[in-house]
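Take a look at the letters that make up each chain.
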Amino acid sequence: MSSDVHTHDPAHDHRHGHAHPPHAEAPERLSYYQVMEIAVRELLIAKSVFAAEDVRRAVEAMDARDPAQGARVVARAWTDPAFRARLLADGTAAVRELGYEMATFRLLVVENTAKLHNLIVCTLCSCYPRMLLGLPPDWYKSRAYRSRAVREPRAVLKEFGTVLGDDVELRVHDSTADMRYLVLPERPAGTEGWSEERLAALVGRDCMIGVTRCHV
Amino acid sequence: MRQHHDMGGLPAGPVARQEHDYALWEKRVDALMMLLSQRQLLRVDELRRNIEALAPDAYDTMSYYERWISAITQTLLQRGVLTSDELGRAMAEIEAREAGR
């Protein structure tokens, strides 16, 4: 790739119809945007905006976030009715009790029951309760999911193997940059008396997005 | 008029249940966003605006974190945190460094 093309406003080359080979086709070579990431990071470190150590720590913190955190919240709500009530009333404050900070986001927890199913999407981009579930799966950010989850949600659910009866109300929640949703799935039958840890192991990422239900 | 990113309700094909483990460079892009937000050098609205300003074909062909690094960089240029000259030079140097490995 010739570098002269990129000396003026590199971030805007895509507007000039200039195609960049996708990363996957050239595994040994850095892609244009990988080079951009390195350049921006190194320049910001050189300007003391942050240190290399800060980047490393941020990546580590990201790696430490996964759906097990959301599962812990769900299992607590299933076993502690007072916590469940607090969680539904103010998700942000309730998850803080378990040590999870939502940063600048407001967390709204929506509860599934036998007669009500909730599904979350972000039609405009990819907003997701990342503090509790980690980074979203690719399909959550895909055109197909973003477009159809609000148009034909029952058909989308069916693709995930979730078939809702006609008597079950379905609510679709469109997330925003400031407001993130988490589905509190219905506790599966036959789990009476289970410990919080055992229950948490049942709670997968997809049932907290609402594309599936929790099963024993 | 509906903008390109505003796709809720439009017809589309089946949801491809695709997932991949995020590469280190993608996580670093995410880290940049968080570190810059914490330092009030980037607001999520700016990130969004610069993603949404992408031409439709770029929006569709770029990967998720490619859109992000493009928008982060654009924000830093708009705010004057970086200049396009220093960015262009840095990118050329990195390309040269990599080619010489």
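To be clear, the structure that these remarks concern was listed above.
Thresholds, definitions, all that
Residues numbered from 1 in each chain as written. Chains lettered and ligands numbered in written order. Predicted model: local features only at pLDDT ≥ 70, side-chain atom pairs only at ≥ 80, totals over all residues. Heavy atoms only, no water. Helix = DSSP H or I, 4+ residues; strand = E, 2+ residues; numbered from the N terminus. Axes fitted to C-alpha atoms, helices over the stretch in contact; angles between N-to-C directions. Left-handed = near helix turned anticlockwise from the far one by under 90°. Contact = heavy atoms within 4.5 Å. Nonpolar A, V, L, I, M, F, W, Y, C, P; charged D, E, K, R; others polar. Buried area = accessible area lost by both parts, 1.4 Å probe. Salt bridge = Lys/Arg side-chain N within 4 Å of Asp/Glu carboxyl O. Polar contact = N/O pair within 3.5 Å; in protein donor to acceptor, adjacent residues only side chain to side chain.

(A) Summary view of unusual backbone geometry. You will see that A:Ser48, though not glycine, has its phi angle at about 60 degrees, which is positive. Inspection of the secondary structure puts A:Ser48 in the loop between helix H1 (32-46) and helix H2 (52-64). Non-glycine residue B:Gln40 carries a positive phi angle of around 55 degrees. For B:Gln40, the position within the fold is in the loop between helix H1 (24-38) and helix H2 (44-52).

(B) The arrangement of the packing of H1(B) against helix H4 (residues 64-79) of chain B in detail. Residues and elements named next belong to chain B. Interaxial distance between H1 and H4 falls to 10 Å at its minimum, and their mutual angle equals 35 degrees. Note that H1 runs across H4; the crossing there is left-handed. The residues of H4 that touch H1, namely those facing Trp25, Glu26, Val29, Asp30, Leu32, Met33 and Leu36, are Tyr65, Glu66, Trp68, Ile69, Ile72 and Leu76. Tallied by class, the residues present in the contact of H1 with H4 amount to 10 nonpolar, no polar and three charged.

(C) Examining the interface of chain B and chain A more closely. The interface is formed by 65 residues belonging to chain B together with 63 residues belonging to chain A. Between chain B and chain A the total buried area reaches about 5,800 Å² when both faces are included, carbon and sulfur atoms providing 63% of it. Interface area lost by chain B to chain A is led by B:Met7, B:Val15 and B:Met91, which between them contribute 11%. Summed over the shared surface of chain B and chain A, the result is eight salt bridges. Measuring nitrogen to oxygen at the nearest pair gives 2.9 Å for the salt bridge that ties B:Arg97 to A:Glu42. The interface formed by chain B and chain A holds 22 residue pairs in polar contact (both at pLDDT 80 or more) in total. When contributions to the side of chain B that touches chain A are tallied by element, the ones reaching two or more residues are H1, H2, helix H3 (56-61), H4 and helix H5 (84-99) of chain B. In the side of chain B that touches chain A, the residues fall into 37 nonpolar, 12 polar and 16 charged.

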